[in-house]
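# Tertiary structure, described
The residues making up each chain are set out below.
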Amino acid sequence: MKTINLCTLFFLITFYSNAQKVTISGNITDYKKTPIPGVNVIVKGEAEGTQTDFDGYYTLNVDIGKTLVFSYIGYKTKEVKINNSLVLNIQMEEDTETLDEVIVVGYGTQKKRSLTGSVVRIRGYSSSNYNRPTKRDRLKNNITQQLQGKVSGVSITKSLGNVETSPLIKIKDVNSTKNNTLPMYIIDGVVQVDGENSLNKIKASKIKTTEVYKGAKARALFGESAINGCVVITTKKYKNRIDYEEEYAKISENKFKKVSLNPLSTFSIDVDKAGYSNIRRMINNGKNVPVDAVKVEEMINYFSYNYPQPKKQHPFSIQTEVGITPWNKQTKLVRIGLQGKKYNTNELPASNLTFLIDVSGSMNSDNKLPLLKSAFKLLVNQLREKDNVSIVVYAGAAGVVLPPTNGNQKEKIIDALNNLNAGGSTAGGEGIKLAYKLAQDNFKKKGNNRVILATDGDFNVGASSNKAMEELIEEKRKSGVFLSVLGFGMGNYKDSKLEILADKGNGNHAYIDTMQEAQKVFGKEFGGTLYTIAKDVKIQVEFNPTKVQAYRLIGYENRLLADEDFVDDTKDAGELGSGHTVTALYEVIPVGVESKFIKDVIPLKYTDTVYKNTFSEELFTVKFRYKQPNKEDSVEMVHIQPDTVSTLSSDFNFASAVALFGLKLRRSQYTNGATKHKIIELAEKGRGADKQGYRAEFIRMVNASLSL
């Protein structure tokens, strides 16, 4: 009897121990320790299961003694019995019977790169080893013909009729029933909406490399849109044709407005400087500058000016100056300057920074991701122990590569940057959502919470249109997280999209073309780039109609506001950073001066305009509204400019030179025939001490410009 009881007890103990629930978690990677997203993890013989996230992480409640089955297309299925261990990391083995990645190199040779899967190299024609093909042969000798019979897992379906039409590529998978669907096509970093039709337009002799991805790698790099595989093609002319893919918002130049009809001029400040460094890049490369790439206010505000530091309770000081317009003696030039309060680094609040980095295929050139990583290292070296940094990347999908890390762990942060590589499509919208979520999860109530987006702006997966990005970023800015946008590269640089993100995201926008520019943004102007001291800063100028006939704001076309927006605290405007300066120029036509720019208007029937003489000594009144970074109610400042004209100061001369240069590049009707020599003359008068050499560089650039 005792023996039976002991056996029963042993059986019960064994039964309950096997039925005990535990939480198993771990990471699933390939042989290179790269996380694999979307791996199926199920309990064998049961319906219970889960999938890995973007970082290859999973968690699942399961009974001890049960068996977990790990499966994913392109990898061998793996089974593991659960014991008492709560952490189970799995390294998947690729299924060598199917193709995961193929590189076909046509018309030349290419060094073998570090790849998983097979590499097929097809040697192209050379002058010494081929019989010259016929026209028919040349038409048929395209990339699909090169792949035919060379690669397992890829089927080529020949087209009927037209000999010039490329056969269709279908990437088969032995584990998939969807072997009749077509893959995604990416040509020179751009997803092709019309797929095979785009491929048909490329001559075989123009193709540099073709990469065929399938299985886990296609989904990991390019997202769900590549569920049927992806064909990535790079053409030999990629760098030469990229100039036509840059995008700039349309700018309609401000015209003169009659004070009798429009006495108020209202606009948002702009501290963005991308416009200047971007056109500098074009001029230095011998390119003509597109008119809409020229944003005069960003050119002017690229340079710092000697405005006084604020002394009262407001975070910025105001200075105005009036002189004779250097290129038109009949008009006056007005300069309005703001100087943000400058704080020492140790005075700045703790930072919660999230680096959001584009690692898509379009970033795979020296002036993009490699330059980006070097630039961010300058920022990392200035971080303090109380700061923390996270890194989010996006290509076909988005993921976290560095969780929040203290600023004193610089080597760890830099190692994470060094490990970044480019490849895949561009799911920018998903990256923004993830970065903001991470920033919000680690929000510092009295600190500086900011996402720093670094990209060429070429979003092509998910939310990608300018309108969609605007709606997304307007929603995210409600979190109290600010945004800095850094543009890199050329060719497919989407300035219009990045400008929208910066404007709507309570942030600033810079374009980094060299390490010198990176040093300026992250070194010399570190505080202004990262720390906001006043937000929603608006300017409204009221001109005295007894003194001014007409006026025009030079630049700021994309920053104009309705007059009633000035007192509406729900209307978004620009942000001012620590130490930032903001300069705005007006050209005004005094009363009594005849000008071809003042057009006749029909007299008003119901309105009798009577001007007061009470303020006869005033030229204009300028009002400023701003909010403290953590407040939603605005504060107003007022500054009155008397009707006096002075000799242009050194800074005023230089700002005038930059403005005139911008007007010349824009082919403006308001330059009054001024020449390149006038620009250089003004710049030389305003060069000053120029310790950093930026003004001397400007003079050299004007001399080198092909557009003047």
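See above for the structure.
As a starting point, this report considers the structure included with it. Throughout, residues of each chain are indexed from 1 in the direction in which the sequence is written. Restriction of local features to residues with pLDDT of at least 70 applies here, the model being predicted, together with a cutoff of 80 or more for giving and counting side-chain atom pairs; totals for whole chains, interfaces and linings are based on all residues. Hydrogens and water molecules were not included; the side-chain quantities draw on all heavy atoms of the structure.

### A short note on the nonpolar core
To be explicit about the condition: We call a set of buried Ala, Val, Leu, Ile, Met, Phe, Trp, Tyr and Cys residues a nonpolar core when their side-chain atoms join them within 4.5 Å. The buried label applies to any residue whose accessible area, calculated with a 1.4 Å probe on protein chains only, is under 20% of its type's maximum; exposed applies above 50%, and partly exposed to all values in between. A helix here means a DSSP run of H or I that spans at least four residues, while a strand means a run of E at least two residues long, and both kinds are numbered starting from the N terminus. Contacts between residues were defined by any pair of non-hydrogen atoms, one from each residue, lying within 4.5 Å.
In terms of nonpolar packing, the biggest core is built from 63 residues, with F303, L501, F661 and F698 touching the most fellow members. For this core, the element with the highest residue contribution is helix α16 (residues 650-665), accounting for 10 residues. Among all residues touching F303, those that are not within four sequence positions of it are Y276, T581, F654, V658, Y694, R695 and F698. With 36 residues, the next largest nonpolar core counts I357, L371, A375 and L383 among its residues.

### Brief notes about the pattern of salt bridges
Note the following rule: A pair is scored as a salt bridge if a Lys or Arg side-chain nitrogen falls within 4 Å of a carboxyl oxygen belonging to Asp or Glu.
If you walk through the whole model with that rule in mind, you get 33 salt bridges. Here R552 ties to E253 by a salt bridge, and the two come within 3.1 Å at their closest N and O atoms. Taken as a pair, R552 in strand β26 (residues 548-554) and E253 in the loop between α6 (238-241) and β15 (257-258) lie far apart in primary sequence, 299 residues in all. A salt bridge links K520 to E525, with the shortest nitrogen-to-oxygen separation between them at 2.7 Å. Summarising the burial analysis for this pair, K520 and E525 share the class buried. Three or more residues are tied together by salt bridges with common partners; here these are D270, D272, D503 and R559.

### Re unusual backbone geometry
The backbone of D536 shows a phi angle near 50°, a positive value even though the residue is not glycine. Tracing the sequence through the fold places D536 in strand β25 (residues 532-543). Taking the relative accessible area as the measure of exposure, D536 reaches 7% and is therefore buried. In the Ramachandran plot, N672 falls in the positive-phi region, its phi being about 55° despite a non-glycine side chain. Within the fold, N672 resides in the loop between α16 and α17 (676-685).

### Let's talk about the side chain of N254
Within the secondary structure layout, N254 lies in the loop between α6 and β15. Residue N254 is classed as buried on the basis of its relative accessible area, which comes to 10%. Not counting the four nearest positions on each side in its chain, N254 is found in contact with R552, L553, G555, Y556, E557, L560 and Y670.

### Overview of the sheet that holds strand β5 (residues 67-72)
Our working definition: Here, any two strands with at least 2 DSSP bridges between them count as paired. In this analysis an axis means a line fitted to C-alpha atoms, helices contributing only their contacting stretch, and an angle means the value between N-to-C directions, from 0 to 180 degrees.
Here we have 4 strands laid out as an open sheet, ordered β3-β2-β5-β6, and antiparallel in their pairing. The outermost strands of the open sheet, each flanked by one partner alone, are β3 (49-51) and β6 (75-81). For this sheet, the mean angle separating the axes of adjacent strands, direction not counted, is 15°. Relative to β6, β5 runs antiparallel, the two being bridged by 5 bridges. Opposite Y72, over in β6, you have Y75 as the bridge partner.

### Thoughts on the sheet that holds strand β1 (residues 21-29)
The strand order across the open sheet formed by 3 strands is β4-β1-β7, and the pairing between neighbours is mixed. The sheet terminates laterally at β4 (57-63) and β7 (90-91), the two strands that pair on one side only. Bridging between β1 and β4 involves 7 bridges; their strand directions are antiparallel. What sits directly across from V22, in β4, is V62.

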